[in-house]
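Observations on the model geometry
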Amino acid sequence: METAAGAVPPIAARAPEVDEREFRRTMGRFCTGVTVVTALDEEPVGFTCQSFTSLSLDPPLVMVSSSNRGRSLPRIVRAGSFGSNILSARQEAIGRRFATSRPDKFAGVSWQASPVTGTPRINGALAWIDSVVRDVIPGGDHTILIGQVVAVHHTPDAGEPLLFFDGEFCDLAAGQPGRGR
Ligand SMILES: Cc1cc2nc3c(=O)[nH]c(=O)nc-3n(C[C@H](O)[C@H](O)[C@H](O)COP(=O)(O)O)c2cc1C
(Lines give C-alpha, C1' and ligand atoms only; values in the text may rest on other atoms or scores of the structure.)
Protein backbone atom coordinates (compact mmCIF):
# COMPACT_ATOMS: atom_id res chain seq x y z
CA MET A 1 0.00 0.00 0.00
CA GLU A 2 1.28 3.48 -0.92
CA THR A 3 0.82 6.23 1.67
CA ALA A 4 1.94 9.86 2.02
CA ALA A 5 4.91 8.48 3.97
CA GLY A 6 5.86 5.95 1.28
CA ALA A 7 5.24 2.29 0.64
CA VAL A 8 4.12 0.15 3.57
CA PRO A 9 6.12 -3.09 3.78
CA PRO A 10 4.08 -6.32 3.68
CA ILE A 11 3.21 -7.77 7.06
CA ALA A 12 5.74 -10.42 8.07
CA ALA A 13 4.27 -13.82 7.33
CA ARG A 14 5.52 -15.15 10.65
CA ALA A 15 5.20 -12.38 13.20
CA PRO A 16 6.45 -13.43 16.66
CA GLU A 17 3.63 -14.26 19.05
CA VAL A 18 2.89 -12.01 22.02
CA ASP A 19 1.02 -13.41 24.99
CA GLU A 20 -2.44 -11.80 25.09
CA ARG A 21 -2.52 -11.30 28.87
CA GLU A 22 0.94 -9.78 28.86
CA PHE A 23 -0.10 -7.50 25.99
CA ARG A 24 -3.16 -6.34 27.96
CA ARG A 25 -1.14 -5.73 31.11
CA THR A 26 1.53 -3.85 29.20
CA MET A 27 -0.97 -1.66 27.40
CA GLY A 28 -2.59 -0.96 30.77
CA ARG A 29 0.49 1.12 31.59
CA PHE A 30 -0.74 3.64 29.02
CA CYS A 31 -2.86 6.01 31.07
CA THR A 32 -5.80 7.42 29.16
CA GLY A 33 -8.86 9.54 29.61
CA VAL A 34 -12.24 7.87 29.41
CA THR A 35 -15.03 8.55 26.95
CA VAL A 36 -18.53 7.26 26.45
CA VAL A 37 -19.16 6.85 22.74
CA THR A 38 -22.85 7.31 21.97
CA ALA A 39 -25.27 7.15 19.07
CA LEU A 40 -28.98 7.50 18.52
CA ASP A 41 -30.33 4.34 16.89
CA GLU A 42 -34.03 4.83 17.58
CA GLU A 43 -32.95 4.86 21.22
CA PRO A 44 -29.70 6.07 22.80
CA VAL A 45 -26.83 3.56 22.79
CA GLY A 46 -23.27 3.85 24.03
CA PHE A 47 -20.21 2.22 25.53
CA THR A 48 -17.23 3.24 27.63
CA CYS A 49 -14.21 3.72 25.39
CA GLN A 50 -10.61 4.59 26.09
CA SER A 51 -9.36 3.99 22.55
CA PHE A 52 -10.45 7.41 21.41
CA THR A 53 -8.07 9.88 19.83
CA SER A 54 -7.89 12.78 17.45
CA LEU A 55 -6.64 11.62 14.05
CA SER A 56 -6.46 14.64 11.77
CA LEU A 57 -6.84 18.40 12.05
CA ASP A 58 -7.64 19.12 8.39
CA PRO A 59 -10.12 17.65 7.94
CA PRO A 60 -10.97 17.27 11.64
CA LEU A 61 -11.15 13.53 12.30
CA VAL A 62 -11.34 11.36 15.38
CA MET A 63 -11.08 7.61 15.70
CA VAL A 64 -12.35 5.03 18.13
CA SER A 65 -11.83 1.30 18.27
CA SER A 66 -14.71 -0.98 19.23
CA SER A 67 -14.66 -4.67 19.95
CA ASN A 68 -16.47 -6.65 17.29
CA ARG A 69 -18.43 -8.23 20.14
CA GLY A 70 -19.77 -4.87 21.30
CA ARG A 71 -23.52 -4.45 20.96
CA SER A 72 -23.23 -0.74 20.30
CA LEU A 73 -20.91 -1.09 17.28
CA PRO A 74 -23.47 -2.14 14.64
CA ARG A 75 -25.93 0.37 16.01
CA ILE A 76 -23.41 3.23 15.77
CA VAL A 77 -22.60 2.24 12.18
CA ARG A 78 -26.30 2.10 11.37
CA ALA A 79 -26.91 5.48 12.99
CA GLY A 80 -24.13 6.97 10.85
CA SER A 81 -22.92 9.35 13.54
CA PHE A 82 -21.46 9.13 17.01
CA GLY A 83 -20.73 11.36 19.95
CA SER A 84 -17.62 11.14 22.12
CA ASN A 85 -18.26 12.29 25.69
CA ILE A 86 -15.03 12.95 27.62
CA LEU A 87 -15.84 12.05 31.22
CA SER A 88 -14.92 14.07 34.28
CA ALA A 89 -13.50 12.52 37.45
CA ARG A 90 -16.96 12.93 38.95
CA GLN A 91 -18.42 10.55 36.34
CA GLU A 92 -16.74 7.28 37.32
CA ALA A 93 -20.17 5.69 37.91
CA ILE A 94 -21.13 6.53 34.33
CA GLY A 95 -17.84 5.08 33.08
CA ARG A 96 -18.62 1.83 34.93
CA ARG A 97 -22.25 1.72 33.83
CA PHE A 98 -21.44 2.11 30.13
CA ALA A 99 -18.77 -0.60 30.39
CA THR A 100 -21.57 -3.16 30.73
CA SER A 101 -23.95 -4.54 28.13
CA ARG A 102 -27.06 -3.80 30.18
CA PRO A 103 -29.89 -2.55 27.99
CA ASP A 104 -30.89 0.37 30.21
CA LYS A 105 -27.56 2.19 30.37
CA PHE A 106 -29.16 5.60 29.91
CA ALA A 107 -31.73 5.16 32.70
CA GLY A 108 -31.17 7.97 35.18
CA VAL A 109 -28.38 9.52 33.09
CA SER A 110 -28.86 13.18 32.28
CA TRP A 111 -28.23 13.84 28.57
CA GLN A 112 -29.34 15.97 25.68
CA ALA A 113 -29.40 15.31 21.94
CA SER A 114 -26.78 17.07 19.85
CA PRO A 115 -28.56 19.67 17.73
CA VAL A 116 -26.29 18.67 14.83
CA THR A 117 -26.32 14.84 14.83
CA GLY A 118 -28.83 13.89 17.49
CA THR A 119 -26.17 11.86 19.29
CA PRO A 120 -26.47 11.84 23.09
CA ARG A 121 -24.36 14.41 24.92
CA ILE A 122 -24.00 13.35 28.55
CA ASN A 123 -24.40 16.30 30.89
CA GLY A 124 -21.40 16.99 33.12
CA ALA A 125 -18.87 15.68 30.58
CA LEU A 126 -15.71 17.73 30.09
CA ALA A 127 -16.30 17.86 26.34
CA TRP A 128 -18.50 16.59 23.54
CA ILE A 129 -17.28 15.75 20.06
CA ASP A 130 -19.98 14.99 17.47
CA SER A 131 -18.89 13.11 14.35
CA VAL A 132 -20.37 11.48 11.30
CA VAL A 133 -19.04 8.04 10.43
CA ARG A 134 -16.54 8.44 7.60
CA ASP A 135 -14.76 5.06 7.56
CA VAL A 136 -15.29 1.66 9.17
CA ILE A 137 -12.03 -0.30 9.11
CA PRO A 138 -11.36 -3.84 10.33
CA GLY A 139 -8.68 -4.03 13.02
CA GLY A 140 -8.23 -7.59 14.25
CA ASP A 141 -10.95 -8.41 16.76
CA HIS A 142 -11.89 -4.71 16.82
CA THR A 143 -13.31 -2.26 14.30
CA ILE A 144 -11.91 1.22 13.84
CA LEU A 145 -14.46 3.96 13.36
CA ILE A 146 -13.18 7.17 11.83
CA GLY A 147 -15.48 10.09 12.38
CA GLN A 148 -15.55 13.45 10.66
CA VAL A 149 -16.06 16.00 13.41
CA VAL A 150 -19.08 18.22 12.81
CA ALA A 151 -19.49 19.89 16.21
CA VAL A 152 -17.43 20.31 19.38
CA HIS A 153 -18.08 21.75 22.80
CA HIS A 154 -15.99 21.87 25.95
CA THR A 155 -16.85 23.13 29.39
CA PRO A 156 -13.84 24.88 30.94
CA ASP A 157 -14.94 24.49 34.57
CA ALA A 158 -16.28 20.92 34.43
CA GLY A 159 -13.42 19.66 36.65
CA GLU A 160 -10.67 17.06 36.38
CA PRO A 161 -10.68 14.24 33.82
CA LEU A 162 -11.55 10.65 34.66
CA LEU A 163 -8.49 8.49 34.01
CA PHE A 164 -7.92 4.79 33.44
CA PHE A 165 -4.60 3.19 34.33
CA ASP A 166 -3.48 -0.35 35.03
CA GLY A 167 -7.01 -1.69 34.67
CA GLU A 168 -8.56 0.76 37.12
CA PHE A 169 -10.34 4.07 37.11
CA CYS A 170 -8.23 6.61 38.92
CA ASP A 171 -8.21 10.22 39.87
CA LEU A 172 -4.64 11.48 39.98
CA ALA A 173 -5.77 14.72 41.62
CA ALA A 174 -7.14 12.66 44.52
CA GLY A 175 -3.90 10.65 44.76
CA GLN A 176 -5.31 7.38 43.45
CA PRO A 177 -2.98 6.40 40.62
CA GLY A 178 -4.25 2.83 40.13
CA ARG A 179 -2.72 -0.16 41.86
CA GLY A 180 0.84 0.90 41.15
CA ARG A 181 2.00 -2.50 39.92
C1 LIG B 1 -12.12 2.24 31.02
C2 LIG B 1 -12.69 1.35 29.95
C3 LIG B 1 -12.32 1.54 28.63
C4 LIG B 1 -12.85 0.73 27.62
N5 LIG B 1 -12.46 0.97 26.33
C6 LIG B 1 -12.98 0.22 25.34
C7 LIG B 1 -12.60 0.46 24.00
O8 LIG B 1 -11.79 1.33 23.71
N9 LIG B 1 -13.17 -0.31 23.04
C10 LIG B 1 -14.06 -1.30 23.32
O11 LIG B 1 -14.55 -1.96 22.41
N12 LIG B 1 -14.43 -1.55 24.60
C13 LIG B 1 -13.92 -0.82 25.61
N14 LIG B 1 -14.29 -1.05 26.89
C15 LIG B 1 -15.24 -2.13 27.15
C16 LIG B 1 -16.68 -1.76 26.81
O17 LIG B 1 -17.08 -0.57 27.45
C18 LIG B 1 -17.60 -2.92 27.24
O19 LIG B 1 -17.25 -4.10 26.53
C20 LIG B 1 -19.08 -2.62 27.04
O21 LIG B 1 -19.81 -3.64 27.68
C22 LIG B 1 -19.52 -2.58 25.61
O23 LIG B 1 -20.89 -2.27 25.61
P24 LIG B 1 -21.84 -2.67 24.40
O25 LIG B 1 -21.71 -4.17 24.23
O26 LIG B 1 -23.21 -2.26 24.86
O27 LIG B 1 -21.38 -1.93 23.20
C28 LIG B 1 -13.77 -0.28 27.92
C29 LIG B 1 -14.14 -0.48 29.26
C30 LIG B 1 -13.60 0.32 30.25
C31 LIG B 1 -14.02 0.10 31.69
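Structure: above.
In what follows, the accompanying structure is described. (Residues numbered from 1 in each chain as written. Predicted model: local features only at pLDDT ≥ 70, side-chain atom pairs only at ≥ 80, totals over all residues. Heavy atoms only, no water.)

Some details on the sheet that holds strand β3 (residues 32-33)
One open sheet accounts for three strands, arranged β3-β13-β14; its pairing is antiparallel. What marks the edges here is a single partner per strand, and that holds for β3 and β14 (168-170). Relative to strand β13 (residues 163-165), β3 runs antiparallel, the two sharing two bridges. The residue of β13 that forms the bridge with G33 is L163. (Pairing = 2+ DSSP bridges. Helix = DSSP H or I, 4+ residues; strand = E, 2+ residues; numbered from the N terminus.)

Focus on the environment of G140
Position of G140 among the secondary structure elements: in the loop between β11 (127-139) and β12 (142-154). We classify G140 as exposed; its relative accessible area is 70%. In this structure, the C-alpha to C-alpha distance between G140 and G6, residues 134 residues apart in sequence, is 23 Å. (Buried < 20%, exposed > 50% of the residue type's maximum accessible area, 1.4 Å probe, protein only.)

Some words on the site of the ligand
Not every one of the 19 residues close to the ligand is listed here, only the nearest: S51, S67, R71, S72 and K105. Q50 has a polar backbone atom sitting 3.0 Å from a nitrogen atom of the ligand. For the ligand, an oxygen atom lies 3.2 Å from a polar atom in the backbone of A99. Burial of the ligand by the protein chains amounts to 81% of its free accessible area of 650 Å². Its residues assigned to classes, the shell around the ligand comprises six nonpolar, 11 polar and two charged. (Near = heavy atom within 4 Å. Polar contact = N/O pair within 3.5 Å; in protein donor to acceptor, adjacent residues only side chain to side chain. Areas by Shrake-Rupley, 256 points an atom, 1.4 Å probe, with all protein chains shown as cover. Nonpolar A, V, L, I, M, F, W, Y, C, P; charged D, E, K, R; others polar.)

Some points on the side chain of D41
Among the secondary structure elements, D41 is positioned in strand β4 (residues 35-41). Overall, the relative accessible area of 7% leaves D41 in the buried class.

Notes on the environment of P138
Counting through the fold element by element, P138 comes out in strand β11. In this structure P138 comes out as exposed when scored by relative accessible area, which is 72%. In this structure the C-alpha to C-alpha distance between P138 and S66, which are 72 residues apart in sequence, comes to 9.9 Å.

Topic: helix α2 (residues 72-79)
What α2 keeps buried is the set S72, L73 and I76. End-on view of α2: buried residues confined to an arc of 100 degrees, all on one side of the axis. Packed against the buried residues of α2 are β4, β5 (43-49), β7 (61-67), β8 (81-86), β11 and β12. One or two residues past the end of α2 sits G80, with phi positive at roughly 85 degrees. (Arc of directions from axis to C-beta. Contact = heavy atoms within 4.5 Å.)

Details of the pattern of salt bridges
Summed over all chains, the structure comprises eight salt bridges. The partner of D166 in a salt bridge is R29, and the shortest N-O contact between them spans 3.4 Å. One end of the pair, D166, is in the loop between β13 and β14; the other, R29, is in the loop between α1 (20-27) and β3, and 137 residues separate them in sequence. Relative accessible area serves as the criterion here: at 42%, R29 is assigned to the partly exposed category. With a shortest N-O distance of 2.7 Å, D41 and R75 are connected by a salt bridge. (Salt bridge = Lys/Arg side-chain N within 4 Å of Asp/Glu carboxyl O.)

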